[in-house]
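Residue strings, one per chain:
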Amino acid sequence: MKTKRASTPPVSPNKQRALVDRLAQACGGAYSPKQRRQYFLTGPQWAAAYEGHALFHAPTRRPVGFEEVIREYDNIGIGHWTTHDTDVIPTQELGKEGQAETVAAIKKALKKHGLKCSMVTTETFHHAVFATSPAAESPEIRQYAKWRLENTVAIGHELGARYAVYWPGSLGYFVQGAVEETEMLRWYADGLNAACEADIKLAKAKERKPMKHCLEAKPFEPQGHIILPTSDAMLAFISSGLLKHPDMVGLNPEYLHELMWGASVRAALARALACGKLFHFDINDGYPLKHDVDIAVGLVNPLDWLNVLVLLRTHGYEGPFNLDYKPPRTTSNYGVFSVSFPTAVDRFITLWEMAGEVSTDKVVTEASAALRAGAGVKSHDATELFEANKELMTLHELIAHRIFQILVGQHRGRVYSIK
Ligand code: GLT
Ligand code: MN
Ligand code: MN
């Protein structure tokens, strides 16, 4: 049977914002800006300023500067701001007077709105100079890349940032032959070593703590092959002996970047935790074995996200949750701050709070404890051991069901189809 939809009259342009606001309001369940500020949520300049462009996409939004982003983050209740050097300073102005002026203006805006700059990162992937990566064969390009990293560290200290992130971008190749991988890795390490040394010096001079330097992997883009494609590859790189200060260097895994290669994101994070290297976390969503779609957190894999947050809560992760996603190009400039960011933040908080519920849930805790207690049978007979634990192991599935129930707010006795 076809259901008839009431026909809606056209919504004239001057009525559209009010409609979006009313429907957003009707969703209910929004947290207040004050509540949102209690979480270590960080908002990237580049996420809010993303204009909706891509290889096949013309921009759909106007450019947005840091003053506007910081002001809007304040209104929403996002207490921290993150940036690339060139998100706010044109490449040609780096290290010059323009940089000092911009940094001063950023400081002012942050102060005015009670935000903190938590992280800085260097754009070593977009400009043509990095066509052969920041660890290029050409020594002068590597020298320039080092200087860019050191300069970002200096900006970070100026703005009070505690973290520096490194996404190596074009560290890789489309065709084999010219690039010698071990050399490229060494050269890449040289850049990070320079950044750590600059950090140590500046921290001493400014009587601040050195920053946490966080490597971010992405498996497929923007090269045909990436030299450090996963967080695990980066863990190996950190302990390879190539870094002078491996203790200062850890990871900034991104949820989607691990999912992209087909990983269990939770297991990838667990490996980072086991190494004491989970410093920073980029939060978003998307699909396995696809490109970097950077969808907002929880819109694709809420159950997986809930499980990820259970792990992080259980391990007392206290680092930042960086909202590294791209508001879709169907969302307007107005929608970015009235819908996209607030709803992303609220889904995260809801999932984080649910993760707390999971860890204290009676069914989950009793079932987990029972699994760990075993059957109490001492034997070296495999069949006997299996038989003794057989019924207990059913709890694996029951725990998964219980977590689903928590996610959807139990079934609440729903009977939609069968009356
Ligand atoms: C780029 C990348 C992101 C990284 C940013 C940090 S740059 O947008 O796709 O995942 O976190 O450099
Ligand atoms: Mn990222
Ligand atoms: Mn991404």
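Structure: above.
This structure is a prediction, so every number in the text was calculated from the model and none was measured.

(A) Broad picture of the packing of aromatic side chains. Summed over the entire model, instances satisfying the criterion amount to 16 aromatic pairs. Between Tyr317 and Phe321, the aromatic rings sit 5.2 Å apart at their centres with planes inclined by 75°, giving edge-to-face as the arrangement. You can call Phe321 buried: its relative accessible area is 4%. Clustering of aromatic rings is evident, with ring pairs tying together Tyr255, Phe281, Trp305, Tyr317, Phe321, Phe348 and Trp352. The residue whose ring lies beneath Arg142 is Trp187, and the NZ or CZ to ring-centre distance is 3.7 Å. Sitting above the plane of the Phe279 ring, Lys212 keeps its charged end 4.6 Å from the centroid.

(B) Structural view of the side chain of Thr152. Within the element layout of this structure, Thr152 appears in helix α7 (residues 139–159). Within the structure, Thr152 has its side chain in polar contact with the side chain of Thr122 (distance 2.8 Å).

(C) Fine view of the coordination of the manganese ion (ligand 2). Coordination of the manganese ion (ligand 2) by the protein involves Glu216 (OE), Glu254 (OE), Asp282 (OD) and Asp324 (OD), with metal-donor separations of 2.0 to 2.2 Å. For the manganese ion (ligand 2), the six donor atoms in the first shell make angles of 74 to 163° at the metal, so the coordination geometry reads as irregular. Residue class for Glu216 comes out buried when judged on its relative accessible area of 6%. Asp282 sits in the buried class, given a relative accessible area of 1%.

(D) Just the sheet that holds strand β2 (residues 80–84), in detail. Overall, parallel pairing links the eight strands, which are arranged β8-β6-β4-β3-β2-β1-β10-β9 in an open sheet. With partners counted over all chains shown, the strands left at the sheet margins are β8 (249–251) and β9 (281–282), one partner each. Both strand β1 (residues 41–44) and β2 contribute to a ladder of three bridges, which runs parallel. Looking at β2, one finds that Pro44 is bridged to Thr82.

(E) Up close: the pattern of salt bridges. On inspection of all chains with the given rule, the structure shows 15 salt bridges. Where Asp292 meets Lys218, a salt bridge forms, and the shortest distance between an N and an O atom there is 2.5 Å. One end of the pair, Asp292, is in the loop between β9 and α12 (302–314); the other, Lys218, is in the loop between β6 (212–215) and β7 (225–226), with 74 residues separating them in the sequence. With relative accessibility at 10%, the residue Lys218 sits in the buried group. Each of Asp85, Glu123 and Arg148 takes part in a single network of salt bridges with overlapping partners.

Each value, and the rule that gives it
- Residues numbered from 1 in each chain as written.
- Chains lettered and ligands numbered in written order.
- Predicted model: local features only at pLDDT ≥ 70, side-chain atom pairs only at ≥ 80, totals over all residues.
- Heavy atoms only, no water.
- Phe/Tyr/Trp six-rings, centres within 6.5 Å; stacked < 30°, edge-to-face > 60°.
- Buried < 20%, exposed > 50% of the residue type's maximum accessible area, 1.4 Å probe, protein only.
- Lys NZ or Arg CZ within 6 Å of the ring centre and 35° of its normal.
- Helix = DSSP H or I, 4+ residues; strand = E, 2+ residues; numbered from the N terminus.
- Polar contact = N/O pair within 3.5 Å; in protein donor to acceptor, adjacent residues only side chain to side chain.
- Donors = N, O, S within 2.8 Å, 3.2 Å for Na, K, Ca; no water.
- Tetrahedral: all angles 85-135°; square planar, octahedral: opposite > 155°, others 65-115°.
- Pairing = 2+ DSSP bridges.
- Salt bridge = Lys/Arg side-chain N within 4 Å of Asp/Glu carboxyl O.

Geometry only, nothing functional implied.
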